[in-house]
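# Structural overview
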Amino acid sequence: MLSPFPGIDPYLENSELWSAVHNRLIVAIADNLVDRLSEKYRVKIEKRTYFSSDEESVIVGIPDVSVATKNLKKNNSQEVNERYLEIKEIGTGTVVTTIELLSPKNKRKGEGRNAYLNKRNQVLASATHLVEIDFLRGGKPLPIRSTNLGDYRILISRSDRRPNADLYAFSLRQSIPPLPIPLLPTETEPILDLQPLFNYVYEKGRYRLAIDYTQPPKPPLSPEDREWAATLNYPTN
């Protein structure tokens, strides 16, 4: 059974669920892309690791992506592993495109945001394309020069067009727009259709059994969206 929402299911933004959603969606994107790329490329699942001791992480106590708790110099710190994708040219080993799916830690003050901003700036200063996917309404959006950020956004920054970039901003009431994945110059860009992949993750994770749709999502909806969402056909367990 599919989610009652046409695009992103806001109930999956809850930190208790987002960790698994993030990991499942990263793998689904990688598998989808590798089937449509020539053997000139390979898709790698990479990992960014940092230690987080920000107060919010300790209070929540729930991993954003993958967390191993360690005691470092008598301080309670968390080793956080965030997964992202790299499309690499096999012949040269060049990273052609980086695909990032943001986690809650990337959007709130602390080590997670700092680590991600450092990586983001490195990519933007290089010849690597950046695809940045933000399916989280909560937290502070990453720096983008646009007044129309929507509820969710996908940024496509091609290395040969910077500082210009394409922004796909959409609302809770819309489906996820298909997006082109930039490759080497003169090559046709494959279209990544994220909505079927998101639906696949929802179904395989059996999230309809894990979500209590009688309760409001976290973060909460606006009054207008709450009224609209009340008209949807929610699944019953």
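Predicted model only: the values in this text are computed from it and were never measured.

A count of helices and strands for the protein gives 6 helices and 9 strands. Burial statistics for the protein: of 237 residues in total, 47% are counted as buried. Considering only contacts in the protein between residues 6 or more positions apart, those separated by 24 or more positions represent 67%. Surface accessibility of the protein: about 12,200 Å² in total, with carbon and sulfur atoms responsible for 48%.

A few words now on the pattern of salt bridges. Counting across every chain of the model gives 12 salt bridges. A salt bridge links Asp-134 to Arg-153, with the nearest nitrogen and oxygen atoms 2.6 Å apart. Remark: Arg-153 occurs in strand E6 (residues 152-157) and Asp-134 occurs in strand E5 (residues 129-134); sequence separation between them is 19 residues. Taking the shortest distance from any N to any O, the salt bridge between Arg-158 and Glu-189 comes out at 2.8 Å. Here Glu-189 lies in the loop between strand E8 (179-180) and strand E9 (191-192) and Arg-158 lies in the loop between E6 and strand E7 (166-170), a separation of 31 residues in the sequence. Overall, Glu-189 belongs to the partly exposed group, its relative accessible area being 25%. One network of salt bridges, with partners in common, ties together Arg-48, Glu-82, Glu-100 and Lys-119.

Once that is clear, we can look at the packing of aromatic side chains. With the rule as written, the count across this model stands at 9 aromatic pairs. Geometrically, the ring pair formed by Phe-135 and Phe-198 is edge-to-face, given 6.2 Å between the ring centres and 85 degrees between the ring planes. Of this pair, Phe-135 sits in the loop between E5 and E6 while Phe-198 sits in helix H4 (residues 194-204), and the two are 63 residues apart along the sequence. Relative to Tyr-234, the ring of Tyr-213 has its centre 5.2 Å away and its plane inclined at 35 degrees; by these criteria the two rings are tilted. With Tyr-213 in the loop between helix H5 (207-210) and helix H6 (223-229) and Tyr-234 in the segment after H6, this pair connects stretches of sequence that are 21 residues apart.

We now examine unusual backbone geometry. Geometrically, the link from Arg-162 to Pro-163 is a cis peptide bond, its omega value of 10 degrees lying close to zero. As for its placement among the helices and strands, Pro-163 is situated in the loop between E6 and E7. Cis rather than trans, the peptide bond between Lys-218 and Pro-219 has omega equal to -5 degrees. By the element assignment, Pro-219 lies in the loop between H5 and H6. Backbone geometry at Thr-186 places phi at a positive 75 degrees, although glycine is not the residue there. Among the structural elements, Thr-186 can be located in the loop between E8 and E9. Not every positive phi belongs to a glycine, and Arg-206 is a case in point at roughly 50 degrees. Tracing the backbone through its elements, the reader meets Arg-206 in the loop between H4 and H5.

This brings us to the packing of helix H1 (residues 15-34) against H4. The geometry of H1 relative to H4 is characterised by a closest axis approach of 10 Å and an angle of 130 degrees between their N-to-C directions. Classed by the angle they form, the pair H1 and H4 counts as oblique. Handedness of the crossing formed by H1 with H4: right-handed. When H1 is examined against H4, the residues Val-21, Arg-24, Leu-25, Ala-28, Ile-29 and Asn-32 are found in contact with a partner set consisting of Leu-194, Leu-197, Phe-198, Val-201 and Lys-204. Residue classes in the contact of H1 with H4 are distributed as 8 nonpolar, 1 polar and 2 charged.

Rules of the game
- Residues numbered from 1 in each chain as written.
- Predicted model: local features only at pLDDT ≥ 70, side-chain atom pairs only at ≥ 80, totals over all residues.
- Heavy atoms only, no water.
- Helix = DSSP H or I, 4+ residues; strand = E, 2+ residues; numbered from the N terminus.
- Buried < 20%, exposed > 50% of the residue type's maximum accessible area, 1.4 Å probe, protein only.
- Contact = heavy atoms within 4.5 Å.
- Areas by Shrake-Rupley, 256 points an atom, 1.4 Å probe, with all protein chains shown as cover.
- Salt bridge = Lys/Arg side-chain N within 4 Å of Asp/Glu carboxyl O.
- Phe/Tyr/Trp six-rings, centres within 6.5 Å; stacked < 30°, edge-to-face > 60°.
- Axes fitted to C-alpha atoms, helices over the stretch in contact; angles between N-to-C directions.
- Parallel < 35°, antiparallel > 145°, perpendicular 65-115°, else oblique.
- Left-handed = near helix turned anticlockwise from the far one by under 90°.
- Nonpolar A, V, L, I, M, F, W, Y, C, P; charged D, E, K, R; others polar.

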